[in-house]
Amino acid sequence: MIAPRILYFGTPVALLSTLQEDGSPNLTPLSSAWALDDRLVLGLGMLGQGLENLRRTREAVVNLPSASLWPQVERLAPTTGRFPVPDTKRAMGYQHEPRKFERAGLTPLPSDTVSPPRVAECPLQLEAVLLAAHIATPTPESSSDFVIAELRVTRVHAHEHVTVPDTHHVDVTQWQPLLYVFRHYVGTGPGLGRNFRAET
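Here we summarise the structure given alongside this text.

The rules behind each value
Residues numbered from 1 in each chain as written. Predicted model: local features only at pLDDT ≥ 70, side-chain atom pairs only at ≥ 80, totals over all residues. Heavy atoms only, no water. Helix = DSSP H or I, 4+ residues; strand = E, 2+ residues; numbered from the N terminus. Rg over C-alpha atoms; globule rule 2.2 N^0.38 Å. Buried < 20%, exposed > 50% of the residue type's maximum accessible area, 1.4 Å probe, protein only. Contact = heavy atoms within 4.5 Å. Areas by Shrake-Rupley, 256 points an atom, 1.4 Å probe, with all protein chains shown as cover. Lys, Arg positive; Asp, Glu negative; His and termini not counted. Charge placed at Lys NZ, Arg CZ, Asp CG, Glu CD. Pairing = 2+ DSSP bridges. Axes fitted to C-alpha atoms, helices over the stretch in contact; angles between N-to-C directions. Core = buried A, V, L, I, M, F, W, Y, C linked by side-chain atoms within 4.5 Å. Polar contact = N/O pair within 3.5 Å; in protein donor to acceptor, adjacent residues only side chain to side chain. Salt bridge = Lys/Arg side-chain N within 4 Å of Asp/Glu carboxyl O.

1. Brief notes about the overall build of the protein chain
(1) Moving on: The helix and strand tally for the protein chain stands at 4 helices and 15 strands.
(2) Moving on: What you see for the protein chain is a C-alpha radius of gyration of 16 Å, in line with the 16 Å of a compact globule of 200 residues.
(3) Moving on: When the backbone C-alpha atoms are referred to their principal axes, the protein chain occupies close to 50 × 45 × 30 Å.
(4) Moving on: Going through the 200 residues of the protein chain one by one, you find that 45% of them count as buried.
(5) Moving on: Pairs at least 24 apart in sequence give 61% of the contacts found in the protein chain among residues at least 6 apart.
(6) Moving on: Surface accessibility of the protein chain: about 10900 Å² in total, with carbon and sulfur atoms responsible for 56%.
(7) Moving on: Counting 18 positive and 20 negative side-chain charges, the protein chain places the centres of these two groups 6 Å from one another.

Structure (structure tokens):
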């Protein structure tokens, strides 16, 4: 019997678009997200700039990349919009990057209902507003170094090729989400690559 410390047993990857204090965009890769009706629940590290921006502006876009975008996501993985980089993150190999879209080779698009931009290349883009943010309860085994954020979706954008023609439905035969499984990127087929922090 094993008890893994990191429970990334298979969740979708998302890119969280937020705005810095100077109005420039920030992109935060995350792998803790789930949705129900018009609500999104995200897990965000307390040391990340994405959380700070979200708390300040209460607006974001949750962009869902397809499996083919894993290299762009991984280019963002070791970066942070926070400056200076917190010592804990620096020790893990993170670097400050103020131009996330450019680093990843992604394109910002204007949003309809919120200020942060969407990611043009992501087949699904969910504009959202923050409703609440809760610091995770610490346990004897771990500290509470992350926040659970609840957002309400205000607008959904979908690429035409992943939708059923003449409907508002996603075509599940065409939508190929990028998944994060124990720090490895996978699609609906063979593994695609590994995160810079993967231990296997």
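Here the narrative resumes.
2. So, the sheet that holds strand β14 (residues 184–186)
(1) Moving on: Taking strand neighbours across the sheet as the criterion, the 4 strands line up as β1-β13-β14-β15 in an open arrangement whose pairing is antiparallel. Each edge of the open sheet is held by one strand with a lone partner, namely β1 (11–12) and β15 (191–194).
(2) Moving on: Bridge count for strand β13 (residues 179–181) against β14 is 3 bridges, and the pairing is antiparallel. Within the sheet, the bridge partner assigned to Tyr180 lies in β14 and is Tyr185.

3. Comments concerning helix α1 (residues 49–57)
(1) Moving on: Buried within α1 we find Gln49, Gly50, Leu51, Asn53 and Leu54.
(2) Moving on: With its phi angle positive at about 65 degrees, Arg58 sits one or two positions after the end of α1.

4. Focus on the sheet that holds strand β5 (residues 39–45)
(1) Moving on: Ordered by their spatial adjacency, 7 strands build an open sheet running β3-β2-β6-β11-β12-β5-β4, and the pairing between neighbours is antiparallel. Among the strands making up the open sheet, the edge pair consists of β3 (25–30) and β4 (33–36). Here the average twist between neighbouring strands, direction ignored, is 30 degrees.
(2) Moving on: Here β5 runs beside strand β12 (residues 146–158); their pairing, made up of 7 bridges, is antiparallel. Within the sheet, the bridge partner assigned to Leu42 lies in β12 and is Ala149.
(3) Moving on: Sheet strands in contact with α1 are β2 (14–19), β3, β5, β6 (59–64), β11 (124–135) and β12, and its direction is about 50 degrees off that of β2.

5. Focus: the environment of Leu44
(1) Moving on: Considering the arrangement of structural elements, one finds Leu44 in strand β5.
(2) Moving on: In sequence terms Leu44 and Ile135 are 91 residues apart; their C-alpha atoms lie 9.7 Å from each other.
(3) Moving on: Excluding anything up to four places from it in sequence, Leu44 contacts Leu16, Leu30, Leu51, Leu54, Phe146, Val147 and Ala149.

6. Some thoughts on the pairing of β12
(1) Moving on: Of the pairings in the sheet, the one linking β11 to β12 comprises 11 bridges and is antiparallel in character. Note on β12: the bridge partner recorded for Ala132 is Glu150.

7. Looking at the nonpolar core
(1) Moving on: Of all hydrophobic cores here, the largest spans 22 residues; its most connected members are Leu42, Leu44, Val62 and Leu151.
(2) Moving on: Sorting the residues of this core by element identifies β2, β5, α1, β6, β11 and β12 as the ones contributing at least two each.
(3) Moving on: In contact with Leu151, other than residues within four places in its own chain, are Asp38, Arg39, Leu40, Leu42, Leu54, Ala60, Ala128, Val129, Leu130 and Leu131.
(4) Moving on: Ranked by size, the runner-up nonpolar core spans 15 residues in total, among them Leu76, Ala77, Ala104 and Val119.

8. Some thoughts on the side chain of Thr11
(1) Moving on: Note that Thr11 resides in strand β1.
(2) Moving on: From its side chain, Thr11 meets the backbone oxygen of Ser31 in a polar contact 2.4 Å long.
(3) Moving on: If we skip the residues at most four places from it in the chain, Thr11 touches Ser31, Leu178, Leu179 and Tyr180.

9. As for the pattern of salt bridges
Two side chains that carry opposite charge are able to pair once their charged atoms sit near each other.
(1) Moving on: Evaluation of the coordinates by the stated rule reveals 6 salt bridges.
(2) Moving on: Here Arg39 ties to Asp38 by a salt bridge, and the two come within 3.2 Å at their closest N and O atoms.
(3) Moving on: You can call Arg39 partly exposed: its relative accessible area is 34%.
(4) Moving on: Owing to a relative accessible area of 28%, Asp38 belongs among the partly exposed residues under this scheme.

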